[in-house]
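As a plain string of letters, each chain reads:
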Number of protein chains: 2
Amino acid sequence: MDRRTFFRKAAVSGAGAAAATALAAPAIAQSSPKVSWRLTSSFPKSLDTIYGGAEDIAKHVSDATDGNFTIQPFAAAEIVPAMQAADAVSNATVEMCHTCSYYFVGKDPTFAIGTAIPFGLNARLSNAWFYQGNGNKLMNEFYATQKIYGLPAGNTGAQMGGWFRKEINTVDDFKGVKMRIAGIAGRVLEKLGAVPQQIAGGDIYPALEKGTIDAAEWVGPYDDYKLGFYKVAKYYYYPAFWEGGPVIHAFVNLDKWNSLPPAYQAALTNACAFANTNMMAKYDTKNPTAIKQIVSQGTTLRPFSQDILEACYNAAMEVYKDISSKNEWFKKIYEDQVAFKKEAYLWMQLSEYTYDTFMMIQQRNGKL
Amino acid sequence: MDRRTFFRKAAVSGAGAAAATALAAPAIAQSSPKVSWRLTSSFPKSLDTIYGGAEDIAKHVSDATDGNFTIQPFAAAEIVPAMQAADAVSNATVEMCHTCSYYFVGKDPTFAIGTAIPFGLNARLSNAWFYQGNGNKLMNEFYATQKIYGLPAGNTGAQMGGWFRKEINTVDDFKGVKMRIAGIAGRVLEKLGAVPQQIAGGDIYPALEKGTIDAAEWVGPYDDYKLGFYKVAKYYYYPAFWEGGPVIHAFVNLDKWNSLPPAYQAALTNACAFANTNMMAKYDTKNPTAIKQIVSQGTTLRPFSQDILEACYNAAMEVYKDISSKNEWFKKIYEDQVAFKKEAYLWMQLSEYTYDTFMMIQQRNGKL
């Protein structure tokens, strides 16, 4: 009897066969060491979306290990300042953090590619590049130089372009604008005459309120509404061309990662996969209500003009050329991602874009 | 000393503090029962994308449980025919399956909403509805009536509209077309005069080759190229308005699910989350090359006209009205999803759509 025949017969015998394969073996004592880690988040606890990713990771790891591997999340600044999370992981002050890789471009611009670079991948294609392209492989080769192991663990989707006190109608309107903007995008806006600032999420509101800065981008409607930006800036632009689908990472100290039992590595990997999708799902579920709340507060929604996007695109290409000429890691990983992007955006124009376009037309026509 | 001060100090003390919190407790013997399950897939092994989801689930569960909880995947028809996977789970012939919920609309049309219904949610919004909307909750209330517990475990993205031997230029061109089409979409095309057929993936090619059917939709370029449809039909239409972001499900027999230790339930939940994202990533990575291969074989790519999409949209609304008038489960879950969709597609028009549109313009202009 060949295998197919055997199993067909087994299947036919129904419940009996199932009973024979489930829970058949006696419980066996296993070694499951108690591991307790601390995680520093770069986000304030008030943002259940982006801070919530750390809680998801902790819960799903604990649940899958019967509470033997616990991760205690701390909000930004509770034990480590938001912008020092990667250092704290590199030097093992904490075992792991939940952060944006691009906060650490000051150490090396290659960090930016881990999150998002201007005119990079959208959320879905970010997952594709990390999971099935060379993203996880290449970024982890780079992160290893910093004693870090990285796992994608969240995404916000294409972000809003941020809050401006004045209208930005032309490229020239960026001149002299002091703007909170994260990652490599600051260098792009600098080419247009803006003055970029890197400020942690919790500190943006007072800076914008006091006029220390003229503009600020954070994430999107739900988080931005909570942080209250609509009270201190009137214009809300879109899209954040510098954040088409930013990835939030779990960074683990590389030695700590290597010291984990394989089952705990798997539990953490899977928990991060859950957190990754769940954060995007939270944003997609919460942003629609929030954008309506924001508009009801008198905020003016504006798209950046095609001219502005083009100018920023060209400026971004110059920045990439410049960084690539000086940084081998950046060059190697950037070129891999661009090759991926060219192919992916060709395919996305067919079914995906046509489908969404039709659905949006129906939405606008009140037919959904 | 308050908690913040304490941890700040602990952080400053650096590696010592980290050492104190990691691996501090001795290994403790735990009870991890041996559980061996069989999974029947509704897909042929040749499709590493959609069949691969079952392998991902099995590997990630096994890895996270030190090999104590094993799931053995079988291809469609090895132990259970593709279209009987849900029955085999309901009656515990196998503990679980990996399938499309909408294959079982013959039992109850509510099954369709679990995968995709015409003009439903795209892949990202499907995740949002299942994870953070009422999707998982409502569908599992329904699945429980079938002795099934469902977990999203894969997505293909917006599918292609399928392979036609003749051009479909007008709504009338659908008249008399015998088409392999899954789920509730058959009822929509029936209203336009087509003759829908439900055929498992592995059996489509011979039917199309012999002329038993005139048209067939399966998934998208990568799978469709493998199955060879380009050899027997010239026109490849898009999009599949009936599959904007179809979810592939893991169905678990409800009693078997309830009998699992909580840690194994968590391991399986997390493994399915991984498989869910990884399948989408595979499609997004493999489809671009495949669509170029298909075109190089002489296939003609065609979008469905706006008129056709509108006619199908109107037909779909009639179908939903009809089913809702007869089926309380369908009505309740459908209305929840529609409410979610209206909100979500409003928000997606801003940053997400504007960003993607700009990127696609750059792609077409050869500037990416």
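Above this text you will find the structure in question.
Residues numbered from 1 in each chain as written. Chains lettered and ligands numbered in written order. Predicted model: local features only at pLDDT ≥ 70, side-chain atom pairs only at ≥ 80, totals over all residues.

Chemist: Residue-level account of the overall build of chain A, with values.
Modeler: Secondary structure summary: chain A contains 15 helices and 12 strands in total. With the principal axes as the frame, chain A shows a C-alpha extent of 75 × 55 × 45 Å. With 368 residues in all, chain A has 58% of them scored as buried. For chain A, the share of sequence-separated contacts (at least 6 apart) that also reach a separation of at least 24 residues comes to 77%. (Helix = DSSP H or I, 4+ residues; strand = E, 2+ residues; numbered from the N terminus. Buried ≥ 20, exposed ≤ 12 C-beta atoms within 10 Å, placed from the backbone. Contact = placed C-beta atoms within 7 Å.)

Chemist: Can you tell me about the sheet that holds strand 12 (residues 300-303) of chain B, naming the residues and giving the values?
Modeler: Residues and elements named next belong to chain B. Pairing in this open sheet of 6 strands is mixed, and the strands run 8-7-9-6-10-12 from one edge to the other. Bordering the open sheet on either side are strand 8 (195-197) and strand 12, each of which pairs with just one other strand. By the bridge criterion, 3 bridges tie strand 6 (residues 162-164) to strand 10 (residues 235-238) in an arrangement that is antiparallel. Following the sheet pairing, Trp163 is matched in strand 10 by Tyr236. (Pairing = 2+ DSSP bridges.)

Chemist: An account of the relation of the copies chain A and chain B is requested, with residue identities and associated values reported.
Modeler: In the superposition of chain A on chain B (RMSD 0.0 Å, axial shift 0.0 Å), the rotation amounts to 180°. The superposition operator between the copies reduces to a two-fold rotation axis. When you check the interface residues of chain A against chain B, 100% turn up at the interface there too, and the contact is symmetric in its surfaces. (Least-squares fit on C-alpha atoms with pLDDT ≥ 70 in both.)

Chemist: An account of the interface of chain A and chain B is requested, with residue identities and associated values reported.
Modeler: The interface of chain A with chain B comprises 106 residues on the first partner and 108 residues on the second. It is helix 12 (residues 262-296) of chain A that provides the largest number of residues to the side of chain A that touches chain B, a total of 19 residues. The residue inventory of the side of chain A that touches chain B, partitioned by class, reads 58 nonpolar, 31 polar and 17 charged. (Nonpolar A, V, L, I, M, F, W, Y, C, P; charged D, E, K, R; others polar.)

Chemist: Break down the nonpolar core for me, citing the residues and quoting the values.
Modeler: By size, the foremost hydrophobic cluster in this structure holds 262 residues, and its most contacted members are A:Ile57, A:Val89, A:Met96, A:Ala267, B:Ile57, B:Val89 and B:Ala267. If sequence neighbours within four positions are ignored, A:Ala267 has contacts with A:Val61, A:Ala64, A:Thr65, A:Phe69 and B:Ala64. (Core = buried A, V, L, I, M, F, W, Y, C linked by C-beta atoms within 7 Å.)

Chemist: An account of unusual backbone geometry is requested, with residue identities and associated values reported.
Modeler: Along the chain, A:Tyr238 connects to A:Pro239 via a cis peptide bond; the corresponding omega equals -10°. Examined against the element boundaries, A:Pro239 turns out to sit in the loop between strand 10 (235-238) and strand 11 (247-253). Phi angles above zero are rare outside glycine, and A:Ala77 is one such case at about 75°. Looking at the element boundaries, A:Ala77 is found in the loop between strand 3 (69-74) and helix 4 (85-90). Not every positive phi belongs to a glycine, and B:Asp66 is a case in point at roughly 55°. For B:Asp66, the location among the structural elements is in the loop between helix 3 (52-64) and strand 3 (69-74).

Chemist: Can you lay out the environment of B:Gly133 for me, pointing to particular residues and giving the numbers?
Modeler: By secondary structure assignment, the location of B:Gly133 is in the loop between helix 6 (123-131) and helix 7 (135-144). For B:Gly133, the contacting residues outside a window of four places in its chain are A:Thr285, B:Ala128 and B:Phe340.

Chemist: So what's going on with the packing of helix 13 (residues 306-326) of chain A against helix 14 (residues 328-348) of chain A? Residues and values would help.
Modeler: All names here are of chain A. Viewed as axis vectors pointing N to C, helix 13 and helix 14 meet at an angle of 130°, and their least axial separation amounts to 6 Å. Of the possible angle classes, the one that applies to helix 13 and helix 14 is oblique. Every pair of crossing elements has a handedness; the one defined by helix 13 and helix 14 is left-handed. Note on element contacts: helix 14 touches helix 13 through Phe330, Lys331 and Tyr334, opposite Tyr320, Ile323 and Ser324. Classifying every residue of the contact of helix 13 with helix 14 by side-chain character gives 4 nonpolar, 1 polar and 1 charged. (Axes fitted to C-alpha atoms, helices over the stretch in contact; angles between N-to-C directions. Parallel < 35°, antiparallel > 145°, perpendicular 65-115°, else oblique. Left-handed = near helix turned anticlockwise from the far one by under 90°.)

Chemist: Break down helix 13 (residues 306-326) of chain B for me, citing the residues and quoting the values.
Modeler: Spanning 21 residues, helix 13 of chain B covers 31 Å between terminal C-alpha atoms, matching the ideal 30 Å at 1.5 Å per step. Among all positions of helix 13 of chain B, only B:Ile308, B:Leu309, B:Cys312, B:Ala316, B:Val319, B:Tyr320 and B:Ile323 are buried. One side of helix 13 of chain B carries all its buried residues, which in axial view fall inside an arc of 110°. Along helix 13 of chain B, the residues that are exposed and aim more than 90 degrees away from the buried face are B:Gln306, B:Asp307, B:Glu318, B:Lys321 and B:Ser325. Next to the buried residues of helix 13 of chain B lie helix 15 (351-364) of chain A together with helix 8 (185-191) and helix 14 (328-348) of chain B. (Expected span 1.5 Å × (residues − 1). Arc of directions from axis to C-beta.)

Chemist: Talk me through the packing of helix 6 of chain B against helix 14 of chain B; I want residue IDs and the actual numbers.
Modeler: All names here are of chain B. Running from N to C, helix 6 and helix 14 point in directions that differ by 125°, and their axes come no closer than 11 Å. Classified by the angle between their axes, helix 6 and helix 14 sit oblique to one another. Between helix 6 and helix 14 the crossing geometry is right-handed. When helix 6 is examined against helix 14, the residues Leu125, Ala128 and Trp129 are found in contact with a partner set consisting of Gln337, Phe340, Lys341 and Ala344. Among the residues making up the contact of helix 6 with helix 14, the classes are represented as 5 nonpolar, 1 polar and 1 charged.

Chemist: Describe the sheet that holds strand 4 (residues 96-99) of chain B, with residues and values.
Modeler: Residue and element names in this part refer to chain B. Spatial strand order, 3-2-4-11-5: 5 strands in an open sheet with mixed pairing. Of all the strands in the sheet, just strand 3 and strand 5 (148-155) have a single pairing partner and so form its edges. Between one strand and the next, the sheet's axes are offset by a mean angle of 25°, whatever the strand orientation. Here 6 bridges tie strand 2 (residues 35-41) to strand 3, and the two strands are oriented parallel to one another. Within strand 3, the position partnered with Thr40 by the bridge is Phe74. Relative to the sheet, helix 3 contacts strand 2, strand 3, strand 4, strand 5 and strand 11 (247-253), its axis offset from that of strand 3 by approximately 165°.

Chemist: Give a detailed account of helix 7 (residues 135-144) of chain A, specifying residues and quantitative values.
Modeler: Residue and element names in this part refer to chain A. Taken as a whole, helix 7 has its buried residues at Gly135, Leu138, Met139, Phe142 and Tyr143. Take helix 7 and look down its axis: the buried residues cluster within an arc of 135°, on one side only. Helix 7 presents Lys137 and Ala144 as exposed residues on the side facing more than 90 degrees away from its buried surface. As for helix 7, its buried residues are in contact with helix 5 (110-115), helix 6 (123-131), strand 5 (148-155) and helix 14.

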